[in-house]
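Spelled out, the chains give:
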Amino acid sequence: MALLTAKTFSLQFNNKRRVNKPYYPRKALLCYQLTPQNGSTPTRGHLKNKKEDHAEIRFINKIKSMGLDETQCYQVTCYLTWSPCPSCAGELVDFIKAHRHLNLRIFASRLYYHWRPNYQEGLLLLCGSQVPVEVMGLPEFTDCWENFVDHKEPPSFNPSEKLEELDKNSQAIKRRLERIKSRSVDVLENGLRSLQLGPVTPSSSIRNSR
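Just so it is clear, the structure is predicted and the values come from calculations on it, not from any experiment. (Residues numbered from 1 in each chain as written. Predicted model: local features only at pLDDT ≥ 70, side-chain atom pairs only at ≥ 80, totals over all residues. Heavy atoms only, no water.)

**Focus on the packing of aromatic side chains**
Here's step 1: Summed over the entire model, instances satisfying the criterion amount to eleven aromatic pairs.
Here's step 2: Taken together, a centroid distance of 5.6 Å and an interplanar angle of 75° make the contact between Tyr 112 and Tyr 119 edge-to-face.
Here's step 3: Among the residues examined, Tyr 119 registers a relative accessible area of 13% and is labelled buried.
Here's step 4: Clustering of aromatic rings is evident, with ring pairs tying together Trp 82, Tyr 112, Tyr 113, Trp 115 and Tyr 119.
Here's step 5: Here Arg 116 stacks its cationic end above the ring of Tyr 113, 4.1 Å away from the centre of that ring.
Here's step 6: Lying across the ring of Phe 157, Lys 162 places its NZ or CZ 5.6 Å from the centre. (Phe/Tyr/Trp six-rings, centres within 6.5 Å; stacked < 30°, edge-to-face > 60°. Buried < 20%, exposed > 50% of the residue type's maximum accessible area, 1.4 Å probe, protein only. Lys NZ or Arg CZ within 6 Å of the ring centre and 35° of its normal.)

**Regarding the side chain of Asn 15**
Here's step 1: Counting through the fold element by element, Asn 15 comes out in the loop between α1 (6-12) and β1 (29-36).
Here's step 2: For Asn 15, a relative accessible area of 4% translates into the label buried.
Here's step 3: Engagement of the side chain of Asn 15 in a polar contact is seen with the backbone oxygen of Leu 166, the distance being 2.8 Å.
Here's step 4: Within the local environment of Asn 15, its side chain forms a polar contact with the side chain of Asn 169, the two groups lying 3.1 Å apart.
Here's step 5: Contacts of Asn 15, omitting those with residues within four sequence positions, involve Arg 26, Ser 109, Arg 110, Phe 141, Leu 166, Asn 169, Ser 170 and Ile 173. (Helix = DSSP H or I, 4+ residues; strand = E, 2+ residues; numbered from the N terminus. Polar contact = N/O pair within 3.5 Å; in protein donor to acceptor, adjacent residues only side chain to side chain. Contact = heavy atoms within 4.5 Å.)

**Let's talk about the nonpolar core**
Here's step 1: Phe 59, Cys 78, Leu 104, Ile 106 and Leu 126 are the most contacted members of the largest nonpolar core, which totals 33 residues.
Here's step 2: If we ignore the near neighbours within four places in the chain, the residues touching Phe 59 are Leu 30, Tyr 32, Leu 47, Val 76, Cys 78, Leu 92 and Leu 104.
Here's step 3: Of all hydrophobic cores here, the second largest spans 17 residues; its members include Leu 4, Ala 6, Cys 144 and Leu 166. (Core = buried A, V, L, I, M, F, W, Y, C linked by side-chain atoms within 4.5 Å.)

**Brief notes about the side chain of Gln 72**
Here's step 1: Among the secondary structure elements, Gln 72 is positioned in the loop between α2 (55-65) and β3 (74-82).
Here's step 2: Owing to a relative accessible area of 16%, Gln 72 belongs among the buried residues under this scheme.
Here's step 3: Looking at Gln 72, its side chain comes within polar contact range of the side chain of Asn 38, at 2.9 Å.

**Digging into the state of the cysteines**
Here's step 1: Summed over all chains, the structure comprises zero disulfides.
Here's step 2: You can see Cys 78 has no disulfide; the closest cysteine sulfur is in Cys 31, sitting 9.0 Å from it.
Here's step 3: Its sulfur unpaired, Cys 144 is 4.2 Å from the next cysteine sulfur, which belongs to Cys 31.
Here's step 4: With relative accessibility at 0%, the residue Cys 144 sits in the buried group. (Disulfide = S-S within 2.5 Å.)

**What to know about unusual backbone geometry**
Here's step 1: Of the consecutive residues Lys 21 and Pro 22, the connecting peptide bond is found in the cis state with omega at -5°.
Here's step 2: The residue Pro 22 is located in the loop between α1 and β1 in this model.
Here's step 3: Not every positive phi belongs to a glycine, and Tyr 113 is a case in point at roughly 45°.
Here's step 4: Note on placement: Tyr 113 falls in the loop between β4 (102-110) and α4 (117-128).

**A word on the pattern of salt bridges**
Think of it this way: side chains of opposite charge can pair up when their charged atoms draw near.
Here's step 1: The tally for this structure, following the rule as stated, stands at three salt bridges.
Here's step 2: Lys 16 serves as the salt-bridge partner of Glu 165, at 3.4 Å between the closest nitrogen and oxygen. Note that Glu 165 is positioned in helix α6 (residues 159-194) and Lys 16 in the loop between α1 and β1, a separation of 149 residues in sequence.
Here's step 3: Of the residues examined, Glu 165 reaches a relative accessible area of 26% and is grouped as partly exposed.
Here's step 4: Taking the relative accessible area as the measure of exposure, Lys 16 reaches 27% and is therefore partly exposed.
Here's step 5: Between Lys 181 and Glu 134 there is a salt bridge; the shortest N-O distance is 3.1 Å. Here Lys 181 is found in helix α6, whereas its partner Glu 134 is found in strand β5 (residues 133-135), with 47 residues between them in sequence.
Here's step 6: Several salt bridges share partner residues, and in doing so they unite Lys 16, Lys 162 and Glu 165 into one network. (Salt bridge = Lys/Arg side-chain N within 4 Å of Asp/Glu carboxyl O.)

Remember, this is a structural readout, not a statement about activity or role.
And the structure:
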C-alpha cells in the first residue's frame, strides 16, 4: 500500500474551522481498513476523489473487486477527511444492505455542508442503516497516523502536538454531529405524539436503543 506523506495527513485531516494562510483546498480523502473476523492481516488503502467518482464510490468498487468470502464477516473502518455527501451516503447504505457480511464504521475529520438539511439527512440515513458515523477523535487520528502515513522522513511538525490539536478541534465538531442526531430523535418523538400515542417514555425513546 502506498502511504500518505506526513504533510498530506497534516493538511487534509486538518479540522480547524478555517484554513490558515497560505490557503489550500481541503480535499476528500478516504483511508480504509478491512479486518477479517478470522484474525487475518488487515487490508489497508486510501482513495481520493476522481473527476468521475467520489472517494466513497471508489471505495465501494474497490471492496467489490476484492472477491471477499461472503461466509466470513469483516470489520471495515473508514477515516474520511469530509463526511459523505447525500448521494454517497445512499450508495453506502445500499452497498452495506447488499453485503451483510460487512460491518462498516465511518469516522470523519470534518462535516461536509453540515448546515444543509439534505446533507444532515444523508448522515442520519447512514446511522439509521447500521452504519455508524462519528467524528474522529484522538484514537482515530492516532490510528490513521500510525497505519496510513509514511514515517521514513521526519515530519516538519511534532506528531504528538499535531494529534492533540486535532483532538481538541474535534470536540466542537462532535457536538455539532450530536445536535444533528438529536434532531432526528425530536422529529420521531413529535411524530409519535401527533399519533396520540402519548408521551415518549425514557424506555421507549430511540435515545436508549442506540
